[in-house]
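In case you want the letters, here they are:
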Amino acid sequence: MKVLLVDDHPLILAALRSVIKGLGDDVTVVGAGTEREAREALKRDPDFDLVLLDMMMPDLSGLEVLAHVRSRYSQGSLPVIMVTAKSDSEDVVEALNLGANDYI
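Let me sum up the structure you'll find in this document. Given the structure is predicted, the values throughout are model-derived calculations rather than measurements.

### Concerning the pairing of strand β4 (residues 80-83)
- Pairing analysis gives four bridges linking strand β3 (residues 50-54) to β4, with the strands arranged parallel. Bridging across to β4, V51 finds its partner in V80.
- Note on the crossover from β3 through helix α3 (residues 62-72) to β4: the handedness is right-handed.
- Both β4 and strand β5 (residues 102-103) contribute to a ladder of two bridges, which runs parallel. Each bridged residue has a counterpart across the sheet, and for M82 the counterpart in β5 is Y103.

Okay, structure coming up:
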């Protein structure tokens, strides 16, 4: 399994990486701290199995990154789970409407 983690906070990125790596030795985790890094990672390696995507980032919102991912990958070919501390249900609904598979 290959997972792309996208979050601009290094501590959150490290925590998510640790949790995902704990799933087993057959898990590869690639971290991206910006929207640009996420796009480059997807361009270099189009065979990710899952994207965990921060909703709020400084250069572009997670929703904009999600729209980019969905312009290239369907929900079935590359699941995207939004990661957010926001409790605003409008953002969650918008993410799901844009093609997020789920959120945490």
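Now that the structure is up, let's keep going.
### Brief notes about the sheet that holds β3
- Spatially, β2-β1-β3-β4-β5 is the arrangement adopted by the five strands of the open sheet, whose pairing is parallel. Of all strands in the sheet, those bounded by a partner on one side alone are β2 (28-32) and β5.
- Here helix α2 (residues 35-44) sits on the sheet in contact with β1 (2-6) and β2, set at roughly 165° to β1.

### A few points about the pairing of β1
- Of all five residues making up β1, four are buried, and the element is well covered by its neighbours.
- Crossover handedness for the path β1 to helix α1 (residues 10-21) to β2: right-handed.
- As judged from the four bridges shared by β1 and β3, these two strands associate in the parallel manner. Opposite L5, over in β3, you have L52 as the bridge partner.

### Structural notes on the nonpolar core
- By size, the foremost hydrophobic cluster in this structure holds 21 residues, and its most contacted members are L4, V6, L53 and M82.
- Contributing elements (two or more residues each) for this core: β1, α2, β3, α3 and β4.
- It is α3 that contributes the most residues to this core, four residues altogether.
- Setting aside residues no more than four positions away along its own chain, L53 makes contact with V6, G62, V65, L66, V80, I81, M82 and V83.

### Concerning α1
- Between its first and last C-alpha, α1 extends 16 Å over 12 residues, near the 16 Å set by a 1.5 Å rise per residue.
- Among the residues making up α1, those that are buried are L13, L16 and I20. Within α1, the buried residues cover an arc of 65° as seen down the axis, which keeps them to one side. Turned more than 90 degrees away from the buried face of α1, the exposed residues are P10, L11, S18 and V19.
- Considering only its buried residues, α1 is in contact with β1, β2 and β3.

What counts and how
- Residues numbered from 1 in each chain as written.
- Predicted model: local features only at pLDDT ≥ 70, side-chain atom pairs only at ≥ 80, totals over all residues.
- Heavy atoms only, no water.
- Pairing = 2+ DSSP bridges.
- Helix = DSSP H or I, 4+ residues; strand = E, 2+ residues; numbered from the N terminus.
- Right-handed = clockwise from strand over helix to strand, strands pointing away.
- Contact = heavy atoms within 4.5 Å.
- Axes fitted to C-alpha atoms, helices over the stretch in contact; angles between N-to-C directions.
- Buried < 20%, exposed > 50% of the residue type's maximum accessible area, 1.4 Å probe, protein only.
- Core = buried A, V, L, I, M, F, W, Y, C linked by side-chain atoms within 4.5 Å.
- Expected span 1.5 Å × (residues − 1).
- Arc of directions from axis to C-beta.

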